[in-house]
Amino acid sequence: MKNSEVSLPKLAITLMIGLVLWFIPSPEGLEPRAWHLFAIFLSTIFGIILKALPMGSICMTGLAVALFTGILKIKGEALTGFSNSTIWLIVIAFFIARGFIKTGLGTRIAYFFIYLLGKKTLGLSYGLALTDLILAPVTPSNTARAGGVIFPIMKSLSHSFGSDPHEPSRKKMGEFLTFSCFQVDMVTSAMFMTAMAANPLIAQFAGEHGVKITWGSWALAALVPGIISLIIIPLVIYKFFKPEITETPNAKEHAKENLQKMGPMTKSEWTMIAVFLFLIVFWIFGGSLGIASTTTAFGGLAILLITGVLTWDDVKSEKGAWDTLIWFGVLVMMASFLNSLGFIPWFSQFVSKEVSGLAWTTAFPILLGVYFYSHYIFASSTAHVTAMASVFMLVGISVGVPPALMAISLGFFSNLFGCLTHYGSGPAPVFFGSGFVDLGDWWKLGFGLSILNIIIWMTVGGIWWKILGLY
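Residues numbered from 1 in each chain as written. Predicted model: local features only at pLDDT ≥ 70, side-chain atom pairs only at ≥ 80, totals over all residues. Heavy atoms only, no water.

A closer look at helix α3 (residues 55-68)
A rise of 1.5 Å per residue sets the reference length of α3, with its 14 residues, at 20 Å; its end C-alpha atoms lie 20 Å apart and thus fit the reference within 8%. Listing the buried residues of α3 in full gives Gly56, Ile58, Cys59, Gly62, Leu63 and Ala66. Looking straight down α3, one finds its buried side chains confined to an arc of 165°; they lie on one side. Buried-residue contacts for α3 involve α1 (8-23), α2 (32-50), α4 (74-78) and α16 (319-340). Gly70, located one to two residues past α3, shows a positive phi value of around 80°. (Helix = DSSP H or I, 4+ residues; strand = E, 2+ residues; numbered from the N terminus. Expected span 1.5 Å × (residues − 1). Buried < 20%, exposed > 50% of the residue type's maximum accessible area, 1.4 Å probe, protein only. Arc of directions from axis to C-beta. Contact = heavy atoms within 4.5 Å.)

Some thoughts on the packing of aromatic side chains
Aromatic ring pairs are defined here through the distance separating the ring centres and the angle between the ring planes. Applying the stated criterion across every chain, the model contains 29 aromatic pairs. Seen from their ring centres, Phe182 and Trp442 are 4.9 Å apart, and the 40° between their planes marks the pair as tilted. Here Phe182 is found in helix α9 (residues 174-191), whereas its partner Trp442 is found in helix α22 (residues 439-468), with 260 residues between them in sequence. Each member of the pair Phe182 and Trp442 is classed as buried. On the basis of an interplanar angle of 50° and a centroid distance of 5.0 Å, the ring pair of Phe372 and Tyr373 is categorised as tilted. Among the aromatic residues, those joined into a cluster by ring pairs are Tyr371, Phe372, Tyr373, Tyr376, Phe392, Phe413, Phe417, Trp443 and Phe447. Lying over the aromatic face of Tyr115, Lys252 brings its terminal NZ or CZ to 4.9 Å of the ring centre. (Phe/Tyr/Trp six-rings, centres within 6.5 Å; stacked < 30°, edge-to-face > 60°. Lys NZ or Arg CZ within 6 Å of the ring centre and 35° of its normal.)

Let's talk about the packing of helix α18 (residues 360-373) against α22
Where α18 meets α22, the closest approach of the two axes is 12 Å, and the angle between their N-to-C directions is 145°. The two elements α18 and α22 cross, and the hand of that crossing is right-handed. Here Phe364, Leu368, Phe372 and Tyr373 of α18 lie close against α22, whose contacting residues are Phe447, Ser450, Ile451, Ile454 and Met458. Counted by class, the contact of α18 with α22 contains 8 nonpolar, 1 polar and no charged residues. (Axes fitted to C-alpha atoms, helices over the stretch in contact; angles between N-to-C directions. Left-handed = near helix turned anticlockwise from the far one by under 90°. Nonpolar A, V, L, I, M, F, W, Y, C, P; charged D, E, K, R; others polar.)

Topic: the nonpolar core
Nonpolar side chains in soluble globular proteins tend to end up buried together. Core analysis: the biggest nonpolar cluster contains 158 residues, and Ile114, Ile213, Tyr371 and Trp457 have the highest contact counts within it. Ignoring sequence-local partners within four residues, the contact set of Ile114 consists of Leu124, Leu128, Ile153, Leu157, Ala251 and Ala255. (Core = buried A, V, L, I, M, F, W, Y, C linked by side-chain atoms within 4.5 Å.)

Let's talk about the packing of helix α10 (residues 199-208) against α16
Their axes nearest at 11 Å, the elements α10 and α16 cross at an angle of 20°. Relative to α16, the element α10 lies roughly parallel. Of the two elements, α10 crosses α16, and the hand of that crossing is right-handed. Residue-level contacts link Leu201, Gln204, Phe205 and Glu208 of α10 to Phe328, Val332, Ala335, Ser336 and Asn339 of α16. The class makeup of the residues in the contact of α10 with α16 is 5 nonpolar, 3 polar and 1 charged. (Parallel < 35°, antiparallel > 145°, perpendicular 65-115°, else oblique.)

These results come straight from atomic positions and should not be treated as a statement about function.
Structure below.
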């Protein structure tokens, strides 16, 4: 029986990459064990990029190879990633996000903002942006947030105004809203440690290089440049892809009708609001009280289970969370051992020689630029972060970039680079697949907004980070 999840040609390429690297003698100054783990790690990353197998399957295969070849031991090494508190933070956030969808609170919030701001098409985009911003702190899957809550409402609004995909009418509204909702999601993903699945990996790498990034410090650093991006980006898209329908008086009525259908706020929705506030408060202030972010997440989940907002069946059926635990656990473990076995420091020294003669103020934007635009070759933000973030972080630090500045910038860029292509992040295929946007326009706008984002985050953000004392 043919397995549609397996691509034998891509799997063969993945295997070939690993074998070629394995049999190349380890470079001078690097022990064979570290080189062989790198071979397994890189072939795993390429398997993810090529989609030879689902991400979890590729990672489990890489883990099995590392165990059977003796590169890693089952006890005290190979399974350490699954006990990582940062990974559990993101897993539990998946469960909490399910509560927003199950109770309908996420949809209610979206219709509420559309009711408030929906007299104009531009107002609709800001209403959906505010919804995304509110859901982002507790929705680590930006695909679930944008694709499960924002996209269906955006598509419904477009159709209600006669804007259909693959037709000239897409320019009435659908094209603009699709662009706006997707690009806004890339910004909200950068604003919170728990807004995109790979963000905690940046915090993990930063900790290995002596930089502590908490949930609160991440959110504070992103606050000013993030808000400015959220204000400016819809305006820029509106200017270059102005919808034919600019006035939408019916949208307010559409939202009102849907809110009436939903009825009054339920007990479960009020509980979700209470848990949301509990999480935000303790994620911000918990550190000063000695309460870890993951501890807070466990507390929020416990409340949802005790009150019946979520059932254990809900937890068991949240495939995204358990899938994340598997692939994230394996990748974090491999990346950690590449560092402890000396590969990351060795490779960083090699790369740093190329920029060693530059002042850190010159090397810093070069490194970030290369990191950002190399995303054109990645179909996964997580794969990109796993493959390159730790190396670039250490190289930047080694040439004199202030460690906190280097780490937090890579964290933000690891989300913002998703704006470039129709395949570079989880939400991209969802929105592009709607058919409202032409491929050429998607790439042109993506490149233009990438420059805008870099300018905002490096200028306004740079000033803000200076005030915060990051450098």
